[in-house]
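# A look at the structure
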Amino acid sequence: MGLEVVSGEEMYHLAERLYPICRSITGNGVRETLNILQEIVPLELHEVPTGTSIFDWTVPKEWNIRDAYVRNMQGEKLIAFDRCNLHVVNYSTPISATVSLQELKAHTHTLPDHPQWIPYRTSYYKEDWGFCMSHDQLQSLPDGDYQVSIDASLENGSLTYGECLLPGDTADEILISTHVCHPSLANDNLSGVAVAAFLARHLRQCNRRYSYRFLFIPGTIGSIAWLALNEPITGSIRHGVVLSGVGDRGSITYKRSRRGNAEVDRAFHHVLDARGGQVIEFHPYGYDERQFCSPGFDLPVGCMMRTPFGQYPEYHTSADNLSFISRESLQDSFIVCTEVLSVIEDNRVYVNQNPKCEPQLGRRGLYRSVGGETHSRETEMALLWVLNLSDGTQSLLDIAERSGCRFRSIRDAAERLIECGLLAAA
Ligand code: ZN
């Protein structure tokens, strides 16, 4: 795969554009988001009707919101949806009423530990109305009555998701999935959306051995819906990664698939070992890898993050805003993805064509032919490892792991050996 430079600026700009939209697990916010992504990726939009049975779940009613506010009796708007969409509990039922401060408090969420931040709360599977505001603001409200209004609808409709398949030389697939159901939150989930969209655009221009399937889906219910409706396709998924929280300033974290040692897990480990970042074990909590790695599917799908969710206080609050993510982190996350994908793309098995004793490398111009002592040492060792271990059973990644050489050196060595006929595809 060629390395086209996608700038962090482009990804950041996309996040900026998507930030104001009030997304949820269903509704027009997701459609509007996917329509914008269609300018970058040839996404196909799918609509799954409310009431559709998907394994143990049912596609919920569609939620749409037009406006919401809390006013004091002087008519002054204390909080307004059009200023910050986190003020309304996502999936809140409609209401228009005058309520006491006590009742307002019973329906309002705050963060006493971070009294200036507004929390992000949802009520997907329990019909209720609610607001979110800063703790300081709630504390400052005097006793009395308040007018509350949420102009929303919760009706039969559909769940929307976007999908893009980039066919490769083989029908074997690499799945890249990200959730698109959060309102104005930047790291979780716009960073993942931005990196996935630009990865798709990048991969469209590359030669691809694998086919790539990109999913832009509402979290949990979206991956369950996709798996329920596409079960036969899952047999073609050879590798996969869920992208989420890839824009903050922390270093990369990769969470292994349920299998623990799938090729994608090893590729991430190899790349992060060299450039820094942590690899953590699988656990059945987190993002959509939970569904892809449920035992009935057990797909080789891990999750790439920067700081793990829940380990930064800004998570699911108004502080996860555009200043919480950086252009540099988005670009770095993009580059890690391309490095891992290039390991997977090039990880093949070869056979040494001259296995009885070492071939004469000097005669073929392969030995001590490259200037620069350390470089030539690594280059020579890579040649020797590839020749020795290429017995038709061990892949280039196996060889890189065992030798301690970088995958790139091993792959370059294999290419040179192929050129001079000492190596052939298994
Ligand atoms: Zn989230």
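As a reminder, the structure under discussion sits directly above these lines.
Everything numeric here is computed off the predicted structure, so don't read it as measured data. (Residues numbered from 1 in each chain as written. Predicted model: local features only at pLDDT ≥ 70, side-chain atom pairs only at ≥ 80, totals over all residues. Heavy atoms only, no water.)

### Some thoughts on the overall build of the protein
The line we're drawing: For the purposes of this entry, the term helix denotes a DSSP run of H or I that reaches at least four residues, the term strand denotes a run of E that reaches at least two, and both are numbered from the N terminus. To sort residues, take the accessible area from a 1.4 Å probe on protein chains only and compare it with the maximum for the residue type: under 20% means buried, over 50% means exposed, and anything in between is partly exposed. Any pair of residues with heavy atoms lying within 4.5 Å of one another is described as a contacting pair. The accessible surface values rely on the Shrake-Rupley method and a 1.4 Å probe; as for residues, cover is taken only from the protein chains in view. By the counting scheme adopted, Arg and Lys are positive, Glu and Asp are negative, and His together with the chain ends is not counted. Charge coordinates come from a single atom per side chain, which is NZ of Lys, CZ of Arg, CG of Asp or CD of Glu.
When helices and strands are counted, the protein shows twelve helices and 19 strands. Principal axes of the C-alpha set define a box for the protein whose edges measure 90 × 45 × 35 Å. With 426 residues in all, the protein has 57% of them scored as buried. The long-range fraction of contacts in the protein, counting pairs at least 24 apart against all pairs at least 6 apart in sequence, stands at 80%. Accessible surface for the protein amounts to roughly 17900 Å². Of this, 46% is attributable to carbon and sulfur atoms. Charge-centre separation for the protein: the mean point of 38 positive side chains lies 6 Å from the mean point of 53 negative side chains.

### Some thoughts on the state of the cysteines
Basically, it comes down to this: The disulfide criterion is simple: two cysteine sulfur atoms within 2.5 Å.
Using the criterion set out here, one finds zero disulfides in the structure. Unpaired in this structure, Cys22 has its nearest cysteine sulfur neighbour in Cys84, at a distance of 9.5 Å. On the accessibility criterion, Cys22 (17% relative accessible area) is buried. Left without a disulfide partner, Cys337 is nearest to the cysteine sulfur of Cys303, which lies 11 Å away.

### With respect to the packing of aromatic side chains
For any pair of aromatic rings, the description consists of the separation of the ring centres together with the inter-plane angle of the planes. Stated precisely, the cut-off is as follows: Put simply, two rings from Phe, Tyr or Trp (the six-membered ring, in Trp's case) pair if the centres are within 6.5 Å, and we call them stacked under 30 degrees between planes, edge-to-face over 60, tilted for the rest. To sit over a ring, a charge needs its Lys NZ or Arg CZ within 6 Å of the ring centre and within 35 degrees of the ring normal.
Evaluation of the coordinates by the stated rule reveals twelve aromatic pairs. Judged by centre distance (5.6 Å) and plane angle (45°), the rings of Phe309 and Tyr315 are tilted. The ring centre of Tyr12 lies 3.9 Å from the NZ or CZ of Arg327, which sits over that ring.

### Focus: the side chain of Asn352
Where we set the bar: Polar contacts, as used here, are pairs of N or O atoms within 3.5 Å; protein pairs need one atom able to donate a hydrogen and one able to accept it. Residues neighboring in sequence count only if both atoms are side-chain atoms.
Looking at the element boundaries, Asn352 is found in strand E17 (residues 349-352). Classification of Asn352 by relative accessible area gives buried; the value is 10%. For Asn352, the side chain forms a polar contact with the main-chain nitrogen of Asn354, separated by 2.6 Å. Filtering out sequence-adjacent residues up to four positions away, Asn352 remains in contact with Leu387, Ser390, Leu422 and Leu423.

### A short note on the sheet that holds E17
Where we set the bar: Here the rule is simple: two strands pair whenever DSSP picks up at least two bridges between them. Think of each axis as a best-fit line through the C-alpha atoms, taken over the contacting stretch in the case of a helix, with angles from 0 to 180 degrees between the N-to-C directions.
Strand order in the open sheet made by the three strands is E18-E17-E19, with antiparallel pairing throughout. Looking along the sheet, the strands with just one partner apiece sit at the ends: strand E18 (391-395) and strand E19 (423-425). Along the sheet, successive strands turn relative to each other by an average axial angle of 40°, direction set aside. When E17 meets E18, the two strands line up antiparallel, connected through two bridges. Directly across from Val351, in E18, lies its bridge partner Asp391. Here helix H11 (residues 396-403) sits on the sheet and contacts E17 and E18; the angle it forms with E18, its principal contact strand, is near 70°.

### What to know about the coordination of the zinc ion
In plain terms, the rule: A 2.8 Å cut-off from the metal defines N, O and S donors, relaxed to 3.2 Å for Na, K and Ca; water is not in the atom list, so some sites may appear incomplete.
In the first shell of the zinc ion, the protein supplies His182 (NE2), Asp188 (OD) and His316 (NE2), at 2.0 to 2.1 Å from the metal. When the donors of the zinc ion are listed by position in the chain, the intervening gaps give H-x5-D-x127-H. Taken together, the residues Asp188 in helix H5 (residues 186-204) and His316 in the loop between strand E16 (301-305) and helix H9 (327-346) connect sequence positions 128 residues apart. Residue classification places Asp188 among the buried residues on the basis of a relative accessible area of 0%.

### Points about the pairing of strand E9 (residues 145-155)
As judged from the ten bridges shared by strand E4 (residues 62-72) and E9, these two strands associate in the antiparallel manner. Bridge assignment links Asn64 to a residue of E9, and that residue is Ser153. When strand E6 (residues 95-100) meets E9, the two strands line up antiparallel, connected through six bridges. Of the residues in E9, the one forming a bridge with Ala97 is Val148.

### Details of helix H1 (residues 8-18)
Formally: As used here, the arc is the angular range of directions from the helix axis to the C-beta atoms.
The set of residues buried in H1 consists of Gly8, Met11, Tyr12, Leu14, Ala15 and Leu18. Looking straight down H1, one finds that the buried residues subtend no more than 155° of arc, so they occupy a single side. On its buried face, H1 sits against helix H2 (28-37), H5 and H9.

### Notes on the nonpolar core
Spelled out, the test is: Note on terminology: a nonpolar core comprises buried Ala, Val, Leu, Ile, Met, Phe, Trp, Tyr and Cys residues joined through side-chain atoms within 4.5 Å. What fixes the domain bounds is an automatic or database domain assignment.
The biggest cluster of nonpolar side chains holds 77 residues, and the ones touching the most others in it are Ile176, Phe214 and Phe216. When residues in this core are grouped by element, the largest group, eleven residues, is from H5. Counting residues domain by domain, this core receives three or more from each of domain 1 (8-60 + 158-346) and domain 3 (349-425). Those residues in contact with Phe214, other than ones at most four positions away along the chain, are Gly162, Glu163, Cys164, Leu166, Ile176, Ala196, Leu199, Ala200 and Leu203.

### Structural notes on the sheet that holds strand E13 (residues 237-243)
Whenever strands of a sheet pair, they do so through backbone hydrogen bonds, lying parallel or antiparallel. Spatially, eight strands are ordered E1-E10-E12-E11-E13-E16-E14-E15 in an open sheet, and the strand pairing comes out mixed. Two strands close off the open sheet at either side, each with one partner strand: strand E1 (44-49) and strand E15 (278-280). Pairwise comparison of adjacent strand axes, ignoring direction, gives a mean angle of 20° for this sheet. Judged from the four bridges that link them, E13 and E16 form a sheet pairing that is parallel. Paired with Val242 across the strands is Cys303, a residue of E16. Contacts from helix H6 (residues 221-229) reach E1, strand E10 (158-166), strand E12 (211-217) and E13 within the one sheet, and its direction differs from that of E10 by about 65°.

Scope: geometric values only; no functional claims are made or implied.
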